Amino acid sequence: MRHDVRSVLPVQATLGEGPVWIGRDAALWFVDIKQRHVHRFDPATGTAHRWDAPEQVGWVLPSADGGMIAGLQSGLYRFDPADGTFRPHATPDGHPTHNRLNDAATDSHGRIWFGTMDDGESADTGRLFAHHGGAIRCSGLPAVTITNGPAVHGSTLYHTDTLGKTIWRAAIRDDGTLGPEERFVTIEEGAGWPDGSVADADGCLWVALWGGWGVRRYDPAGQLMGTVRLPASNITKIAFGGPDLRTAYATSARKGLDAAALAEQPEAGNLFAFDPGVAGVAVTPAVV
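About the thresholds
Residues numbered from 1 in each chain as written. Predicted model: local features only at pLDDT ≥ 70, side-chain atom pairs only at ≥ 80, totals over all residues. Heavy atoms only, no water. Buried < 20%, exposed > 50% of the residue type's maximum accessible area, 1.4 Å probe, protein only. Helix = DSSP H or I, 4+ residues; strand = E, 2+ residues; numbered from the N terminus. Pairing = 2+ DSSP bridges. Axes fitted to C-alpha atoms, helices over the stretch in contact; angles between N-to-C directions. Salt bridge = Lys/Arg side-chain N within 4 Å of Asp/Glu carboxyl O.

A. Seen up close, the pairing of strand β3 (residues 27-32). Of all six residues that make up β3, six are buried, and the element is covered over most of its length. On β3, burial covers both faces: Ala27, Trp29 and Val31 on one face and Leu28, Phe30 and Asp32 on the other are all buried. Two elements, strand β2 (residues 16-22) and β3, share five bridges in a ladder whose sense is antiparallel. Looking at the pairing, Val20 lines up with Trp29 of β3. The turn linking β2 back onto β3 is made up of four residues, and Ala26 within it adopts a positive phi angle of 50 degrees. As judged from the five bridges shared by β3 and strand β4 (residues 37-42), these two strands associate in the antiparallel manner. Residue Val31 lies in a different strand from β4, and its bridge partner there is Val38. Once β3 ends, the chain turns through four residues before running back antiparallel as β4, passing Arg36 with a positive phi of about 60 degrees.

What follows is the structure in structure tokens.
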């Protein structure tokens, strides 16, 4: 099928990330980590808004109390779009100053699953955490350099070791702890590095590929079902949006691209949209 890939917002992000469709706003929210920007895109009107964050910002998510929660370099913050303020909310224990929060997702209970990473991308200090009702708990999974792509479908959590090129999964128990992890997919050499991921309504996982020019869809058994090529090499994550959750929005990045690469892909860093041929799952607001 044709996916009708198109650039819908020319933000030229240094490191676009964290797209999330917030139904109560009928809008797509995402961030530019390195420029410390929070973006909101309203597809019905084509308008966009931008806020400046006080630190590198990895993601924003809706909260169940009607507000917003953001993952900044130093921890979780309450974000108020009305006045653009960020208020400290919680910090993971032992969070090194050279780490930052990188990617996040909620499960059906409103837990935030989020990862940290070494901002210098060299030390194995990245951890996966869960936040629920004010408390932060380390998942207990092994530390890696770059955590990425926490995604949830039902009671299954997927999480990514980007430099290890591997996506893992584990069952989420009723008490919010994780069962044993198992390898889900390893990305082959030459295909890029796995970045953000999200599950669709059929339980398949969509994986963005940094340096891979697109996103892949894997079935629950880890078999590759298809690839959507985009006009930028560094694709960071997709979100399902629109009133029927049948439009895929993809963030991208200009980070690491030299002048020759940018000439080849002038739309790098923009927000893209395409028809995925399947619906997504509505995001559960976080219980904070």
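B. Quick peek at the sheet that holds β4. What the four strands build is an open sheet, ordered β2-β3-β4-β5; its pairing is antiparallel. The outermost strands of the open sheet, each flanked by one partner alone, are β2 and β5 (47-52). Between one strand and the next, the sheet's axes are offset by a mean angle of 20 degrees, whatever the strand orientation.

C. The sheet that holds strand β23 (residues 247-252), seen in detail. Reading across from one edge, β1-β24-β23-β22 is the order of the four strands in this open sheet, with antiparallel pairing throughout. In the strand order of this sheet, the two ends are held by β1 (6-9) and β22 (235-241), each with one partner. Geometrically, the sheet is characterised by an average inter-axis angle of 35 degrees between neighbouring strands, direction not taken into account. As defined by bridge partners, β23 adjoins strand β24 (residues 271-274) across three bridges and the pair is classed as antiparallel.

D. Representation of the pattern of salt bridges in the model. Counting across every chain of the model gives 13 salt bridges. In this structure, Asp119 and Lys34 form a salt bridge, with 3.0 Å as the shortest nitrogen-oxygen distance. With Asp119 in the loop between β11 (112-118) and β12 (128-132) and Lys34 in the loop between β3 and β4, this pair connects stretches of sequence that are 85 residues apart. Since its relative accessible area comes to 24%, Asp119 is described here as partly exposed. Notably, a salt bridge pairs Glu188 with Arg216, separated by 2.7 Å at the nearest N-O pair.

E. Examining the pairing of strand β10 (residues 99-106) more closely. With eight of eight residues buried, β10 lies mostly within the body of the structure. Sheet topology note: the β10/β11 ladder contains seven bridges and is antiparallel. Paired with Thr106 across the strands is Ile112, a residue of β11. The hairpin formed by β10 and β11 contains five residues between the paired strands, and Gly110 there has a positive phi angle of roughly 85 degrees.

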